[in-house]
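Letter by letter, the chains look like this.
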Amino acid sequence: MRYETIPTTCSYCGCGCEVLLQVLDGELIGVLPSKASPINEGSLCIKGWNLHEFVVSERRLRKPMLRKGGSLVETSWEEALDEVAGRLAKIKSESGPDSIAALSSAKCTNEENYLMQRFVRAAIGTNNVDHCARL
Amino acid sequence: MTNSIAELEDAACIFIIGSNTTEAHPLVANRILRAKQKGAKLIVADPRKIHIAEFADIHLSHRLGSDVALINGIMHVILAEGWEAKDYIASRTEGFEALERVVRGYTPEKVSGITGVPAEQIRAVAEAYARSASSSIVYAMGITQHTTGVDNVKSLANLAMLCGRIGVECGGVNPLRGQNNVQGACDMGALPNVLPGYQKVTDEAARKKFEQAWGVALPSEVGLTVMKMMNGLHAGSVRALYVMGENPAMSDPNSHHVREALSRAELLVVQDITLTETTEYAHAVLPGVSFAEKDGTFTNTERRVQRVRKGIEPVGDSREDGWILCELSRRLGHAMELEPASELMDEIAGLTPSYGGMRYDRLEAFGLQWPCPDAEHPGTKYLHKDKFARGRGLFHAIEYQPPAEACDDEYPMQLTTGRSFVHFHTGTMTRRSPSLDEEQKDPFVQMHPEDAEAHGISPPGQVKVITRRGSISLEAKLSARIPKGMLFIPFHFAEAAANLLTIDALDPIAGIPEYKVCAARVERE
Ligand code: SF4
């Protein structure tokens, strides 16, 4: 049996409480508040205390999907990525990069947001990138 | 936030406006309650008697969308009494005369007529805010989600500068960011007009720097905001939309319009961790991972960049979001290496002045607050210390304007939307969490008992709430905490989605939709 606690940051609201992920044999089993954090000093709200539950939800997607004949069908990463990239390239060559737009995410990390805006600006070639900051 | 969460605890006066702090930002609320325990004066301005209003010395129940008038009224009193910070105004600000001219017209009596707040209360708030040893303003979406959102924010800055409360300990104007990394997404340039670090896409020198780093020419025209993307899909000028970790079919106002737009996309790609209302329209769905399955950083509402650490392997065959983006980028001919997150942060630091000193080894213990320009810089507890970012702080003279949609005979009530303490945003995470779902399962509309009686509604009764955009059915919860003539619906519930009702009138500058007020009526089911 291997039990670890990994310090990380709560992914719900902008307070940014530090939590400890409780991991038992590779499974996420709960979270604890960090006592030393200058933000939460050992407390968490109801969302924070239950933070692990959505991570291990049955409803998590486990495979990429493509719409075929009206419904979403599981497929391989190779096929999904080739299909998406191919269609983006086609639309870009037909109608120009500004016919493509992207929404980045206030839930994702800084590094991912950086990569997303770089992808949109450098790979697609448009500034049509935004996220739901206003919402 | 201009200041830090911990500073709130030592403020002598805290003015909360448009923030349901205990429900939406519980751990910030903790600090505020501790401040109160230490003797701070607490002022809460919110039409509803929200939970934190119970602890307030003064609770102002102003009408929805009357914030500018209220703040102008407070400033009127401060000027009339001579409580303004004269030296600060003279040495650190400009535009004061124009402000004074406009504010002169907002007598407490006139403001009382617009806001419904007694003139005496306006005077009391002015005194508490202006005359306490330190005063901090805290606000959230109740201020920004209006067609006058930018005006509201500027008005709060006016008030703070008038009393010399910006650039000082335990002061400031402090927006509470709704989502964990809204601050970071903005900092990283996930916006149509700026590159990372708010460097304008129209600024050639800034563009050059990124062009050199990325080895490719960059577009110089400002791109589309979310709402304009939706309009573009409608019109056909936008053919493809790529959505990472968002749920616009639920979160955006006037959802019918948004869903119609999404259904017109020739290509809709959604990268997310579960199916959502938005994936119903998707052509491709790419499973990303949650925060527990990756390394990275989030930037919280007080600008603190903190580590996110991987605890478990990705669920099923889901992949890190960064990996997905790099794979697609490579296929489109622009190679982005998926470096370890720490090296990616080095790249970001090299291009983003305010993140210049952010390095993973320095972030280990509780992160650093930007601006942190170099490797020796300790980070910044509060902004604008000796001078404003722009030099002098600029006052904006602002007149009150009513909300976009007025009430009439057909839609006589005002509808507002927001959060509950249990759930988060569109519920894609919290409603899939068994404990949270158990806590609050069903959608509801909060209304005043007298309004309910007038409509023959006695709970537990289903009602229909109708606006010019649509209608939804849900349970009525009666409460005297909400003023008569007003309805409140939390927007977490897909089966009675509040945003089918909300109006997509936007703030002309920030493009923020007016979620916080529209005209509605209620009917018994
Ligand atoms: S624990 Fe609660 S208050 Fe803290 S960041 Fe998470 S959601 Fe926000």
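Since the model is a prediction, treat every value here as computed from it, not as a measurement.

**Comments concerning the packing of aromatic side chains**
- A complete count under the given rule lists eight aromatic pairs over all chains for this structure.
- A ring pair is formed by phenylalanine 15 of chain B and tyrosine 129 of chain B, whose centres lie 6.5 Å apart and whose planes are at 65 degrees; its orientation type is edge-to-face. Here tyrosine 129 of chain B lies in helix 8 (residues 119-131) and phenylalanine 15 of chain B lies in strand 1 (residues 13-17), a separation of 114 residues in the sequence. For the pair shown, phenylalanine 15 of chain B and tyrosine 129 of chain B are each scored as buried.
- Feature note: the residues Tyr12 and Phe54 of chain A together with Phe291 of chain B constitute an aromatic cluster, connected by ring pairs.
- Here the basic side chain of arginine 165 of chain B rests over the ring of tyrosine 129 of chain B, its NZ or CZ set 5.6 Å away from the ring centre.
- One residue, arginine 303 of chain B, lies across the ring of tryptophan 370 of chain B, its end atom 6.0 Å from the ring centre.

**Regarding the domain arrangement of chain B**
- For chain B, the domain assignment lists domain 1 (5-176), domain 2 (182-369) and domain 3 (413-524).
- Each of domain 1 of chain B and domain 2 of chain B has a C-alpha centre, and these two points are 34 Å apart.

**Observations concerning the site of the ligand**
- Around the ligand, a shell composed of Cys10, Tyr12, Cys13, Cys15, Gly16, Cys17, Leu44, Cys45 and Gly48 of chain A together with Pro26 and Leu27 of chain B is seen.
- Here the shell around the ligand is composed, by residue class, of nine nonpolar, two polar and no charged.

**What to know about the sheet that holds strand 1 of chain B**
Residue and element names in this part refer to chain B.
- Strand order in the open sheet formed by five strands is 3-2-1-5-6, and the pairing between neighbours is parallel. Bordering the open sheet on either side are strand 3 (58-60) and strand 6 (173-175), each of which pairs with just one other strand. Direction aside, the axes of adjacent strands within the sheet are offset by 15 degrees on average.
- In the packing of helix 10 (residues 149-162) onto the sheet, the strands contacted are strand 1, strand 5 (135-139) and strand 6, and the crossing angle to strand 5 comes to about 175 degrees.

**Topic: the interface of chain B and chain A**
- On the side of chain A, 96 residues touch chain B, which itself brings 143 residues to the contact.
- Together chain B and chain A conceal approximately 10500 Å² of surface at their shared face, both sides included; 63% is due to carbon and sulfur atoms.
- Along the contact surface separating chain B from chain A lie nine salt bridges.
- Of the charged contacts in the structure, one is a salt bridge between glutamate 41 of chain A and arginine 34 of chain B, with a shortest N-O distance of 3.0 Å.
- Linking chain B with chain A are 57 residue pairs in polar contact (both at pLDDT 80 or more), by the criterion used here.
- The element contributing the most residues to the side of chain B that touches chain A is helix 16 (residues 321-331) of chain B, with 10 residues.
- Residue composition of the side of chain B that touches chain A, grouped by class: 77 nonpolar, 40 polar and 26 charged.
- Bridging between strand 4 (residues 65-68) of chain A and strand 11 (residues 284-287) of chain B involves two bridges; their strand directions are antiparallel. Across the sheet, residue leucine 66 of chain A finds its bridge partner in strand 11 of chain B, namely alanine 284 of chain B.

**Here's the deal with the domain arrangement of chain A**
- Once the domains are mapped, chain A shows domain 1 (3-56), domain 2 (61-95) and domain 3 (97-135).
- A C-alpha centroid distance of 35 Å is found between domain 1 of chain A and domain 2 of chain A.

What counts as what
- Residues numbered from 1 in each chain as written.
- Chains lettered and ligands numbered in written order.
- Predicted model: local features only at pLDDT ≥ 70, side-chain atom pairs only at ≥ 80, totals over all residues.
- Heavy atoms only, no water.
- Phe/Tyr/Trp six-rings, centres within 6.5 Å; stacked < 30°, edge-to-face > 60°.
- Helix = DSSP H or I, 4+ residues; strand = E, 2+ residues; numbered from the N terminus.
- Buried < 20%, exposed > 50% of the residue type's maximum accessible area, 1.4 Å probe, protein only.
- Lys NZ or Arg CZ within 6 Å of the ring centre and 35° of its normal.
- Domains from an automatic or database assignment.
- Near = heavy atom within 4 Å.
- Nonpolar A, V, L, I, M, F, W, Y, C, P; charged D, E, K, R; others polar.
- Pairing = 2+ DSSP bridges.
- Axes fitted to C-alpha atoms, helices over the stretch in contact; angles between N-to-C directions.
- Contact = heavy atoms within 4.5 Å.
- Buried area = accessible area lost by both parts, 1.4 Å probe.
- Salt bridge = Lys/Arg side-chain N within 4 Å of Asp/Glu carboxyl O.
- Polar contact = N/O pair within 3.5 Å; in protein donor to acceptor, adjacent residues only side chain to side chain.

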